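# Per-entry structural report
Residue strings, one per chain:
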Amino acid sequence: MSVQSLNLQTLIGFETQDLGNFMELYRNTYIIPFTQRHYEWTEKEIARLFNDFMEAAPTEEDFHAMNTMVFSTENGKSIYDGQQRTISTALFIAAGIRAAIERAIDEDSSLDIEEIIEWAYDTFTRYIAKTNKKHPKKNEYKLKFASQDIQNYFYKLVSIPELKPLTMSDNQTEYSRLNVVIDSLPEPKSAKKDASLNRDMRNMYDNYYKLVELWKQHIQPNVADYDIEEDMDRIVASIVFLIVSVKQDTQAAKMFESLNNTGKSLAEIDVLKSLIEEQLGEESMKDEWSDLDDALDTENRNKFLSSITTIILGKKSPSKGLLDSFIEHSPVNSFASAKVTLQMLEKMAVSYHEAMHPEQVVSDLELKIESSWMKSLKISQHIPLVTAMLYRKYDYSDIVSIIKSIQELYIKNSIIVDGRANQFTNTLAILAKKVYDNKINTEKIITLLQNEMKDDNTFRKDLIKGKYNNSTKKAAIKISLIRLAEKENGLKNESEFDVKKNLQIINYEHILPQQPKPNSNWESDFADEKERDVLIHMLGNATLLAEKPNKTLQNSDFEIKKNHYKKSKISETNILSVLDKWDKDQIIKRTHELADKIVKLYSHDFA
């Protein structure tokens, strides 16, 4: 068949529908294909949608054209472009129903409660769902999700239990009758705190209650005479969609990708998912990809793909062409290659989540502590390396040793001297690839990291010159002093250091306070303000208190402070209590002493 003889209408169908026709239940059930991305809209997009709907409906004669929707009719009516808008539109209607019912009990409302309940029921069954308790198989739903768990959650979230029929006893007022409905509605809670909800569910929850709130704000100014039925009818008649339908899923997927390339970029992990599905088919990949999704939970999918690409390439993954770089080394152009890549991704997802959040999934306490310290130091470049080690089943003790070495590298070469945080990204990427390729062991990794570190003499000078006036530098000194105290005092198992797993409750104490009390001894002993500011942030003016900061103590004179220091089991703090005074000479002297000890600590020659 020549190009000229092609009948475009047999390949692609075009039509326009207003929102009412688009959402009417009897017309179609819209299927959300497995290959489509997660429901990712946030309150920001939801607020924009709400405002668009409200502003676009001044009269029934006016209309507002929304973006194009792409459907495949190969297996029912599957949404390939527009699922975010469609789900959000269903939430918009359901939230309007709930807001109208809740506002109907307002004492200033002149609306007939019976009419509101009838309207709510009719609207819900027209646009959202019809349920049949006696014959569940006859239930009708506007949206059908690939995941049954998400399907069940969505309709539990938006449904209004026992809405109709509702009988009213002789002594029951319309007000109390409506309260029966209100009492049956689920109360909002923080979805983010519910570990049983996946990311789709959390976003649905947050957006639904955001829309309820927006509807209430919209209704409130005119609550006495507001007509929800009239307003909703105007909205569904004024919003218009352009519907594009094709006969095959693959055609719809390609059209979706093409349309997204002209606007907001489609997440590359979703494109990869579609490429794998083309080779394996939905049924052959569904379980493994679902496991991958469950493992990643709320992790950023493109950051995950970027980390995995870094591991595979042995260098920082490119900001552009990420997917091309990935599939060049992990192809998905055949059934066999797609299967291998999918299995690798599934296992990597578990390892990546463990590397990102060991506190949630890892049992080893030391790994949890060291990982939390990396966050305090604002180090993230190690994630691909740790992911590769977890993927290759390294012992937790080996991973802890390597993380400690990375901390030392950054403290010595970067943090103390305000160096670039990303200067070791490629070094760590090379090590990650070697781990992934099984071409290196723990001892060699540590040796290579140590070879990158500054020499002891340079490090000592940097420590002495350092100005410790930001959270990252203070975290570096906290960690160094904790390690020093453990070696000097053997305090690893002492109760005072049980809190070490949380740097936030180990106080970085400025002996000479940052804000001396007016007319205190501090002001007279350190009269030169410029010199005082330098001394405050020197290494020798820092010590640790294994407790939350005490503002009264922080700014007290030294005579009061040293009585508190005497109670500490940390020798570097306790020894301060025997001093008669704290002055410039003491700060400089202690700066040199601590620098010597920290250098020796990190030179692995502590005695």
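Residues numbered from 1 in each chain as written. Predicted model: local features only at pLDDT ≥ 70, side-chain atom pairs only at ≥ 80, totals over all residues. Heavy atoms only, no water.

## Some remarks on the overall build of the protein
Counting secondary structure elements, the protein contains 29 helices and 10 strands. Going through the 607 residues of the protein one by one, you find that 50% of them count as buried. Within the protein, contacts between residues at least 6 apart in sequence are counted, and of these 75% link residues at least 24 apart. For the protein, the accessible surface area stands at approximately 29,800 Å², while carbon and sulfur atoms represent 47% of it. (Helix = DSSP H or I, 4+ residues; strand = E, 2+ residues; numbered from the N terminus. Buried < 20%, exposed > 50% of the residue type's maximum accessible area, 1.4 Å probe, protein only. Contact = heavy atoms within 4.5 Å. Areas by Shrake-Rupley, 256 points an atom, 1.4 Å probe, with all protein chains shown as cover.)

## Re the nonpolar core
Soluble globular proteins: nonpolar side chains tend toward being buried together. Counting residues in hydrophobic clusters, the biggest one holds 89 residues, and the most contacted among them are Leu272, Ile276, Trp289, Phe304, Leu385 and Leu463. With 9 residues, the single largest contributor to this core is helix H19 (residues 396-415). With 61 residues, the next largest nonpolar core counts Tyr39, Leu49, Tyr127 and Phe241 among its residues. (Core = buried A, V, L, I, M, F, W, Y, C linked by side-chain atoms within 4.5 Å.)

## Side note on the environment of alanine 146
Here alanine 146 lies in the loop between strand S7 (143-145) and helix H6 (148-158). Alanine 146 gets classed as partly exposed once you look at its relative accessible area, which sits at 28%. Here the alpha-carbon distance between alanine 146 and proline 33, two residues 113 residues apart in the chain, equals 5.9 Å. Dropping the residues within four chain positions of it, alanine 146 is found in contact with Ile32, Pro33, Phe34 and Lys286.

## Observations regarding the environment of threonine 310
Take threonine 310: it is sitting in helix H13 (residues 301-313). Look at threonine 310 and you get buried, because its relative accessible area is 7%. For the pair threonine 310 and leucine 385, spaced 75 residues apart in sequence, the C-alpha to C-alpha distance is 9.1 Å. Setting aside residues no more than four positions away along its own chain, threonine 310 makes contact with Lys315, Lys316, Ser317, Pro384 and Ala429.

## Side note on the packing of helix H5 (residues 113-127) against helix H9 (residues 228-238)
Put simply, H5 and H9 touch, their axes get as near as 11 Å, and they point 25° apart. In terms of their interaxial angle, H5 and H9 are classed as roughly parallel. Contacts between H5 and H9 involve Ile116, Trp119 and Tyr127 on the former and, on the latter, Ile228, Glu229, Met232 and Val236. When its residues are assigned to classes, the contact of H5 with H9 shows 6 nonpolar, no polar and 1 charged. (Axes fitted to C-alpha atoms, helices over the stretch in contact; angles between N-to-C directions. Parallel < 35°, antiparallel > 145°, perpendicular 65-115°, else oblique. Nonpolar A, V, L, I, M, F, W, Y, C, P; charged D, E, K, R; others polar.)

## Points about helix H22 (residues 456-465)
Of the positions making up H22, those classed as buried are Phe459, Asp462, Leu463 and Ile464. Where H22 is buried, its residues contact H19 and helix H29 (584-602). N-cap assignment for H22: the residue whose side-chain oxygen lies 3.1 Å from the backbone N of asparagine 457 is aspartate 455. (Polar contact = N/O pair within 3.5 Å; in protein donor to acceptor, adjacent residues only side chain to side chain.)

## Some words on the pairing of strand S8 (residues 239-246)
Counting buried residues along S8, 7 of its 8 residues qualify, which places the element largely inside the surrounding structure. Direction of pairing for strand S1 (residues 12-18) relative to S8: antiparallel, over a ladder of 7 bridges. Considered in S8, the bridge of glutamate 15 is made with isoleucine 243. (Pairing = 2+ DSSP bridges.)

## Some thoughts on helix H8 (residues 199-219)
For H8, built from 21 residues, the straight-helix expectation of 30 Å at 1.5 Å per residue is met to within 8% by its first-to-last C-alpha distance of 30 Å. Where H8 begins, the side chain of asparagine 198 points an oxygen toward the backbone nitrogen of aspartate 200, at a separation of 3.1 Å. (Expected span 1.5 Å × (residues − 1).)

## Notes on a negative patch on the surface
Together, Glu115, Glu118, Asp122, Asp227, Glu229 and Asp233 line one region of the surface with negative charge. Looking at the negative patch, the elements that each hand over two or more residues are H5 and H9. The leading source of residues in the negative patch is H5, at 3 residues. Along the chain, glutamate 118 falls in helix H5. The partly exposed category is assigned to glutamate 118, whose relative accessible area is 44%. (Patch = residues over 30% accessible without salt bridge, like charges linked within 9 Å, V, L, I, M, F, W, Y side chains within 5 Å. Salt bridge = Lys/Arg side-chain N within 4 Å of Asp/Glu carboxyl O. Lys, Arg positive; Asp, Glu negative; His and termini not counted. Charge placed at Lys NZ, Arg CZ, Asp CG, Glu CD.)

## Looking at the pattern of salt bridges
All chains considered together, the criterion is met by 22 salt bridges. Ionic pairing is found between lysine 454 and aspartate 462, a salt bridge with its closest N-O pair at 2.8 Å. Salt bridges linked by common partners bring Glu24, Arg27 and Arg126 together as one network.

## Description of the pairing of strand S4 (residues 77-81)
Most of S4 sits inside the fold, with 5 of its 5 residues counted as buried. Where strand S2 (residues 30-32) meets S4, 2 bridges bridge the pair, whose relative direction is parallel. Looking at the pairing, isoleucine 31 lines up with serine 78 of S4.

## Comments concerning the confidence of the model for the protein
The predicted coordinates should not be examined in detail at positions where pLDDT is low. For the protein, per-residue confidence averages 82 on the pLDDT scale, and 82% of positions sit at 70 or higher. The least confident element of the protein is helix H7 (residues 174-184), whose mean pLDDT is 49; the most confident is helix H18 (residues 383-391), at 96. Predicted confidence for residues 162-178 stays below pLDDT 50, and this span has 28 contacts to residues more than four positions away or in other chains. Taken together, the stretch residues 491-497 has pLDDT below 50 and engages in 17 contacts with residues farther than four places along the chain or on a different chain. (pLDDT = per-residue confidence, 0-100.)

## Here's the deal with the packing of aromatic side chains
What the rule picks out here adds up to 19 aromatic pairs. Arranged with centres 5.1 Å apart and planes meeting at 45°, the rings of phenylalanine 92 and tryptophan 215 form a pair that is tilted. Taken together, the positions of phenylalanine 92 in helix H4 (residues 83-104) and tryptophan 215 in helix H8 put the pair 123 residues apart, joining distant regions of the chain. For the residue pair phenylalanine 92 and tryptophan 215, the accessibility class agrees, reading buried in each case. Site record: aromatic cluster; members linked through ring pairs are Phe22, Tyr30, Phe71 and Phe241. In this arrangement the basic side chain of lysine 77 is found over the ring face of phenylalanine 71, its NZ or CZ atom lying 5.3 Å from the centre. The ring of tyrosine 436 has arginine 392 lying over it, and the distance from NZ or CZ to the ring centre is 5.0 Å. (Phe/Tyr/Trp six-rings, centres within 6.5 Å; stacked < 30°, edge-to-face > 60°. Lys NZ or Arg CZ within 6 Å of the ring centre and 35° of its normal.)

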